[in-house]
Amino acid sequence: QSTPVVSKGKVFVTAVPGRRREENVVVCYDASRGTLLWERRTPATVSADLHDMVSRAAPTPIIDGDSLYVFFESGDLMCLSAADGRVQWHRSLFKEYGEFVNGHGLGCSPAHTRDSLVLLIDHQGPSYLLSVDKATGKTRWKKERPSRSSWTSPVVTRHGGREVVVASSSGDVQGYD
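Source: prediction; values computed, not measured.

Caption draft 1: How the structure looks around the environment of Ser149. Position of Ser149 relative to the elements: it lies in the loop between strand E12 (139–145) and strand E13 (155–159). Classification of Ser149 by relative accessible area gives partly exposed; the value is 25%. Sequence separation of Ser149 and Asp122 is 27 residues, and the distance between their C-alpha atoms is 5.6 Å.

Below, the structure written as structure tokens:
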């Protein structure tokens, strides 16, 4: 259910196969011929039963230069080499901050700046907005948020001459420096 990302003649797609969504998969195709260039399979940190109302790979990847950033409902956040799919870094947000508690799965895709990925994790558990260094995968900052259900993605824009992260959730819109 993620949106394919196209860059430099390649198409990148994510998937979550298995009866219990046990794997996270990223595939790369040649955009002109449709041939498979590479495939990366990693075990999901957390698996769960399939349900028609729960996504199977909703977060859309981000491509930036030679790096591909992917986020999965299992809480796995990774940077892969766009050239060959090698894992550059990997984090489990579930292991660090707890499982996502949400009746219809995860739908938020990361946003990004020149140096950071930004993830909005609004759910029935401890919610937060997280900024992660693209090069290392380390946390730049984390902003606690009230628990609430949301499937929206943050947006990075410019306002007043500076970058602002806009998060819309449960009837509220907030901006973060």
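Caption draft 2: The side chain of Ser92, seen in detail. Here Ser92 lies in strand E8 (residues 87–92). Of the residues examined, Ser92 reaches a relative accessible area of 8% and is grouped as buried. At a separation of 3.4 Å, a polar atom in the side chain of Ser92 contacts the side chain of Thr45. Within the structure, the side chain of Ser92 is placed 3.1 Å from the backbone nitrogen of Lys95, a separation counted as a polar contact. Those residues within four positions of Ser92 in sequence are excluded, and the remaining contacts are Thr45, Gly75 and Asp76.

Caption draft 3: Main features of the nonpolar core. One finds Phe71, Leu77, Trp89, Phe100, Leu117, Ile121 and Val132 to be the most contacted residues of the largest nonpolar core, which totals 17 residues. Contributions of two or more residues to this core are made by strand E6 (67–71), strand E7 (76–81), helix H1 (93–97), strand E10 (116–121) and strand E11 (127–133). With residues near it in sequence (within four places) discarded, Leu117 still touches Ile62, Tyr69, Leu77, Trp89, Ala111, His112, Leu130, Ser131, Val132 and Lys134. Judged by nonpolar contacts, the second largest core, of 13 residues, contains Val16, Trp38, Phe72 and Ala82.

Caption draft 4: Fine view of the sheet that holds strand E2 (residues 10–15). Read across the sheet, 4 strands follow the order E1-E2-E3-E4 without closing on themselves; strand pairing throughout is antiparallel. The outermost strands of the open sheet, each flanked by one partner alone, are strand E1 (5–7) and strand E4 (36–43). Neighbour-to-neighbour, the strand axes of this sheet turn through a mean angle of 15°, independent of strand direction. Summarising the sheet, E2 and strand E3 (residues 23–30) pair through 6 bridges and their orientation is antiparallel. Its bridge partner lying in E3, Phe12 is registered against Cys28.

Caption draft 5: Fine view of the pattern of salt bridges. Counting across every chain of the model gives 11 salt bridges. Residue Arg114 is joined to Asp115 by a salt bridge in which the shortest nitrogen-to-oxygen separation is 3.5 Å. A relative accessible area of 32% means that Asp115 is categorised as partly exposed. In this structure, the salt-bridge partner of Asp133 is Arg140, at a minimum N-O distance of 2.6 Å. Exposure remark for Arg140: the relative accessible area of 42% places this residue in the partly exposed category. Linked by salt bridges that have partners in common, Glu23, Glu39 and Arg41 make up one network.

Rules of the game
- Residues numbered from 1 in each chain as written.
- Predicted model: local features only at pLDDT ≥ 70, side-chain atom pairs only at ≥ 80, totals over all residues.
- Heavy atoms only, no water.
- Helix = DSSP H or I, 4+ residues; strand = E, 2+ residues; numbered from the N terminus.
- Buried < 20%, exposed > 50% of the residue type's maximum accessible area, 1.4 Å probe, protein only.
- Polar contact = N/O pair within 3.5 Å; in protein donor to acceptor, adjacent residues only side chain to side chain.
- Contact = heavy atoms within 4.5 Å.
- Core = buried A, V, L, I, M, F, W, Y, C linked by side-chain atoms within 4.5 Å.
- Pairing = 2+ DSSP bridges.
- Axes fitted to C-alpha atoms, helices over the stretch in contact; angles between N-to-C directions.
- Salt bridge = Lys/Arg side-chain N within 4 Å of Asp/Glu carboxyl O.

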